[in-house]
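# Commentary on secondary and tertiary structure
These are the residues of each chain, in order.
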Amino acid sequence: MDVWGYARVSTDEQAEDQGSLIKQMRRLRDAGATHIYYDVESRTSDQRKGLLQLIEDINTSAPGKVSKLLFIRIDRLTSSSMTFYRLMDALKKKGIQPYALDEPFDLSSIGGELTIDVRLAASKYEVKMLAMRVKKERDTRKANKKPHWNAPLGYIVEDEKYQRDERLCVCLIADKRELTRSQLMRFVFDTFLRVGTVSQTVKVLHDTFGIQANAVPKATDTRINLLEEEEEIVLENINKSRGGALNLRYPHTGLKWSVSGLRSILVNPIYAGGTLYNTLVRPKGHRKPFDEWEVTWGTHEDEAIISREEHERIKAMIRENRNNRWATEQKYVNPFANLVKCAHCGAAYSRQCKKLVKRKGFVRHHYQCSFYRTGACQNGRMIASDELEKQVINHLILEAEKLAGLIEQKVDSPEESPEIKTLRASLNTLEALPSNPAIAKAKDDIRMQIANAIATTNNASKQYLIAKERIVMAFSNPRYWEGLQPEDKQALLKGSIKKILVDGNLVTGVELLYLH
């Protein structure tokens, strides 16, 4: 019978020690694992390619095909009780024995199961404490005017201070000039001050440095995070789709710029001698507008690449570009916000200009691929908002006719999944034991996992019906759509549509939520 294995490292762990995943996998191979699944992900993430594939392969394997699943420790699997017991339930059904190399592991007894529940609860507690320690460290660095751990292009951190990076970076053949990294960034700022817009600056930089910035359609990586028995455990055989985390971490990936990426660099106060803090909206992690960032000035004025006056001038230019004649403030609701995508490169279609159509009494907006402005995509033809709306509605009317003919899906109270049943059994075991703080914490954690699992199970069928009813009701009768306000149209589209594909001025496809 086969022996399978699972290895996982975090992205930070892999960055510090490039061979950490390889070491784990070789230990599993030495212990007898023929098939080794792996991930480079945080233990708090359940969306792991290797782990999900492992569970699927276990469920579809023939009974008796696999004898053992090897792993290093429980924390290499997950900190989620629900995911853990989902995996254990799949193993139990196929008669596969889980085995940890570095710690006792026993699910056959009440004491062993309790120990595992406590370990999972402790693992989740450790994650929260780590996040708190990181936050405290950031607050301390802010109070002491210390730099962040990472420096932007053009700087390095030495002796708890940002210092200009004078290592050579690029040579311009045209005028036979070598630029250090700090000089390169000065060149970037000078180019923006001369050109005046971020998108045109990107284009000039790509032309200057000979960067091929043509966008290509986004390809879905279908490779599995799995090494077979005949494959050697070396870095070259590892799937590197996880954000380049398995590559050597050079701090900057190259001289290829995006509009949003360059804009973030241009308004970064570090280049003007200040240090920025509190740039994210917690807990969602969205970036705040640059005018809302907290900045401590004077932390490294002697190492500034641009002056404070230039920094303020750059921000004013970007604000003005955002509020020019055709972009103005967003007082017109965009029903198609974040839904329209380029059929060529997958980038977002954004509103580029508008015109008041007096005879019809409405404002017509024009959408265009956002990569076209930088020369990265050749799909430059625009589509008018009324034409976009007309074509999308035609697609949805056809979809509504199909959906109206489907047999109604029943939403009965579903039978509890094996994961929920396993969690309930574990909770019952803990309820029978004398209570103490560790057991109480473990029970609360399992109750939360059960609630999340029930919500997820119910939502799948409910969301199907909600999306279906929205489409049938709104688009079986086109007049219904015409009578809606822009805010209602936006809510309806976001609740029904995943994305709208556009090629030039033609809508080539509409992907619906939950219905495919």
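Cut-offs used in this document
- Residues numbered from 1 in each chain as written.
- Predicted model: local features only at pLDDT ≥ 70, side-chain atom pairs only at ≥ 80, totals over all residues.
- Heavy atoms only, no water.
- Salt bridge = Lys/Arg side-chain N within 4 Å of Asp/Glu carboxyl O.
- Helix = DSSP H or I, 4+ residues; strand = E, 2+ residues; numbered from the N terminus.
- Buried < 20%, exposed > 50% of the residue type's maximum accessible area, 1.4 Å probe, protein only.
- Pairing = 2+ DSSP bridges.
- Axes fitted to C-alpha atoms, helices over the stretch in contact; angles between N-to-C directions.
- Parallel < 35°, antiparallel > 145°, perpendicular 65-115°, else oblique.
- Contact = heavy atoms within 4.5 Å.
- Nonpolar A, V, L, I, M, F, W, Y, C, P; charged D, E, K, R; others polar.
- Phe/Tyr/Trp six-rings, centres within 6.5 Å; stacked < 30°, edge-to-face > 60°.
- Expected span 1.5 Å × (residues − 1).
- Arc of directions from axis to C-beta.
- Polar contact = N/O pair within 3.5 Å; in protein donor to acceptor, adjacent residues only side chain to side chain.

### A closer look at the pattern of salt bridges
Applying the stated criterion to the full structure yields 14 salt bridges. Among the salt bridges present, the one from E310 reaches R186, with a minimum N-O distance of 2.9 Å. Of this pair, E310 sits in helix 9 (residues 308–322) while R186 sits in helix 6 (residues 181–195), and the two are 124 residues apart along the sequence. The exposure class of E310 is partly exposed, given its relative accessible area of 21%. Put simply, E312 and K315 hold a salt bridge, and the shortest N to O gap is 3.7 Å.

### Quick look at the pairing of strand 5 (residues 155–158)
In this structure, strand 5 lies alongside strand 6 (residues 161–164), joined through four bridges in antiparallel fashion. Across the sheet, the residue bridging to E158 is K161, located in strand 6. Between strand 5 and strand 6, which pair antiparallel one after the other, the connecting turn spans two residues, and D159 there sits at a positive phi close to 55°.

### Some thoughts on the environment of L153
As for its position among the elements, L153 is in the loop between helix 5 (110–143) and strand 5. Sequence separation of L153 and M185 is 32 residues, and the distance between their C-alpha atoms is 7.3 Å.

### Points about the packing of helix 4 (residues 81–93) against helix 11 (residues 418–431)
At a minimum axis separation of 8 Å, helix 4 and helix 11 run at an interaxial angle of 105°. Classified by the interaxial angle, the pair formed by helix 4 and helix 11 is roughly perpendicular. Contacts between helix 4 and helix 11 pair S81, M82, Y85, R86, D89 and K93 from the former with P418, E419, T422, L423 and S426 from the latter. Considered class by class, the residues forming the contact of helix 4 with helix 11 number four nonpolar, three polar and four charged.

### Here we look at the packing of aromatic side chains
Two measures describe an aromatic ring pair: the distance that separates the ring centres and the angle between the ring planes. Following the criterion strictly, the structure yields five aromatic pairs and no others. Between the aromatic rings of Y155 and Y271, the centroid separation amounts to 5.7 Å while the plane-to-plane angle is 55°, which identifies the pairing as tilted. Of this pair, Y155 sits in strand 5 while Y271 sits in the loop between helix 8 (259–266) and strand 10 (274–277); the two residues are 116 residues apart in sequence, bridging distant segments of the chain. Accessibility assignment for this pair places Y155 and Y271 in one class, buried. Here F189 and Y271 contribute two aromatic rings whose centre-to-centre distance is 5.1 Å and whose plane-to-plane angle is 65°, an arrangement assigned as edge-to-face. Here F189 is found in helix 6, whereas its partner Y271 is found in the loop between helix 8 and strand 10, with 82 residues between them in sequence. A relative accessible area of 0% means that F189 is categorised as buried.

### Some words on the sheet that holds strand 17 (residues 383–384)
Spatial strand order, 15-16-17: three strands in an open sheet with antiparallel pairing. Looking at which strands have only one partner, the edges of the open sheet turn out to be strand 15 (349–357) and strand 17. In this sheet, strand 17 lies alongside strand 16 (residues 362–369) in antiparallel orientation, the contact comprising two bridges. Its bridge partner being in strand 17, Y367 is matched across the sheet by I383.

### Some details on helix 7 (residues 198–209)
Under the 1.5 Å per step criterion, the end-to-end length of helix 7 is 16 Å for 12 residues, consistent within 8% with the ideal 16 Å. V198, S199, T201, V202, L205, H206 and F209 are the residues of helix 7 that are buried. Taken down its axis, helix 7 places every buried residue within 160° of arc, on the same side. N-cap assignment for helix 7: the residue whose side-chain oxygen lies 3.3 Å from the backbone N of Q200 is T197. Positive backbone phi, at 65°, marks G210, one or two positions downstream of helix 7.

### Concerning the side chain of S385
Its place among the elements puts S385 in helix 10 (residues 385–404). Looking at S385, the relative accessible area reads 12%, which means it is buried. With sequence-adjacent residues up to four places away left out, S385 is seen in contact with V363, R364, H365 and Y367.

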